[in-house]
Amino acid sequence: MHDLIIIGAGPAGITASVYAVRKGMNILVITKDIGGQAAWSGDIENYTGYQFITGPELAGKFEEHMRKYNIALNENEAVKEIKKSDNTISVTTDKGTYTAKTVIIASGKRTKELNVPGEKEFKNKGLTFCATCDAPLFAGKTVAVIGGGNSALDAALQLINIAKKVFVINITAGLGGDAVMRQKVEESKIVAVLNNTQVTAILGDKFVNGIKIKRENKEEVLSVQGIFVEIGLIPNSEFVKEVEKNQYGEIKVNFRNETNIPAIFAAGDVTDVPEKQIIIAAGEGSKAALSAFRYLAQRRI
Amino acid sequence: MDKQVKVYSTPTCPWCMRTKQFLRENNINFQDIDVSSNQAAAEEMVQKSGQMGVPVLDIDGQIIVGFDKEKIKQSLGI
């Protein structure tokens, strides 16, 4: 049995692992990937100590730091269930079951999907969740950006210089996000903003060739070759049923990173901590590890 | 003999950077093809992989989509 199992290896999980191992705890990290959302970020200019660093570079630094300590790490493994009985927590994954005295959930967030017909079939076949990655492949094409917040505006701005025509399909009455970005998008001659508009299907044969939308109760088809889905993030918290969550599915924690279940802690973007930032996630991870350490020390277990 | 490795990527894509970093760490020589500035290469990538996401690796004709570390390791025998 481990002293601590950490679920996730983004900024929160990795920082927790470093703190825990330095306290002499016997730990295991179980994660799908390393770096979490930080590995997906573009330029980072607000992580103290680095005036400028890219997401992949910072994620690489985190990983290097973790590996320095020979921490037991199960990569490419997805947690399916967490159960607590007496003083043992069992963590079941797609590969096995592990037990620990304490657990830190640091599983982060993932991009939200549209849940419309055609989305799965055409993923990476014209439909993408990463404008930063794939925008250059749509040079001279007509594309649609789905969403109305900052990430949608950011995608639209990246596409303005590349694509022939950009539709911004927004479900609410008007675009949100930062005023500066919104203005740039609205002023562009190649952008058409469609408010109060819902996406009902993704169309295509081998690749995307259209999108079905609905506004004022009328359905129509726009001919597009690319679709960028930017409708926000959801927490990876489904596998843990018993902990208390807020209306967004984020795990509720107190200032010691305790959940409502003793011995189960949570940290980073999967929690209801205000502000989702790399440096905050890292700090929360360290707090959670120290709380788990204190929990065991006080009970001498 | 060393395998021929091509990486189709865009300069802004985080997973492309991770892929290339991984190859460099393992001393694998590769040809870096920027599909954002080379339309013909972009089409070649789409044709080879049947999809439009980067990165795409071509390891002696074997196509790997995304930074799939296990598949890359297997294909390179590392």
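Being a predicted model, the structure only gives us computed values, none of them experimental.

## Side note on the overall build of chain A
Alright, step 1. Helix and strand content of chain A: six helices and 19 strands.
Alright, step 2. For a compact globule of 301 residues, the expected C-alpha radius of gyration is about 19 Å, and chain A comes in at 21 Å, within 12% of that figure.
Alright, step 3. In chain A, buried positions account for 43% of the 301 residues.
Alright, step 4. In chain A, the proportion of contacts linking residues at least 24 apart, taken out of those at least 6 apart, comes to 60%.

## Observations regarding the interface of chain B and chain A
Alright, step 1. Facing the 17 residues of chain B at the interface are 20 residues of chain A.
Alright, step 2. Counting residues per element, the ones that place at least two in the side of chain B that touches chain A are α1 (14–25) and α2 (39–49) of chain B.
Alright, step 3. For the side of chain B that touches chain A, the element with the highest residue contribution is α1(B), accounting for five residues.
Alright, step 4. Of the residues assigned to the side of chain B that touches chain A, the class counts are eight nonpolar, seven polar and two charged.

## Things to note about the domain arrangement of chain A
Alright, step 1. One can read the domain layout of chain A as domain 1 (2–111 + 233–299) and domain 2 (127–229).
Alright, step 2. Here the C-alpha centroids of domain 1 of chain A and domain 2 of chain A sit 34 Å apart.

## Some thoughts on the pairing of strand β12 (residues 165–169) of chain A
Residue and element names in this part refer to chain A.
Alright, step 1. The buried fraction of β12 amounts to four of the five residues, a majority that puts the element mostly inside the structure.
Alright, step 2. Summarising the sheet, β12 and strand β13 (residues 191–194) pair through four bridges and their orientation is parallel. Across the sheet, Phe167 pairs through a bridge with Ala192, a residue of β13.
Alright, step 3. In this fold, β12 hands off to helix α5 (residues 179–187), which returns the chain to β13; that crossover is right-handed.

Each value, and the rule that gives it
- Residues numbered from 1 in each chain as written.
- Chains lettered and ligands numbered in written order.
- Predicted model: local features only at pLDDT ≥ 70, side-chain atom pairs only at ≥ 80, totals over all residues.
- Helix = DSSP H or I, 4+ residues; strand = E, 2+ residues; numbered from the N terminus.
- Rg over C-alpha atoms; globule rule 2.2 N^0.38 Å.
- Buried ≥ 20, exposed ≤ 12 C-beta atoms within 10 Å, placed from the backbone.
- Contact = placed C-beta atoms within 7 Å.
- Nonpolar A, V, L, I, M, F, W, Y, C, P; charged D, E, K, R; others polar.
- Domains from an automatic or database assignment.
- Pairing = 2+ DSSP bridges.
- Right-handed = clockwise from strand over helix to strand, strands pointing away.

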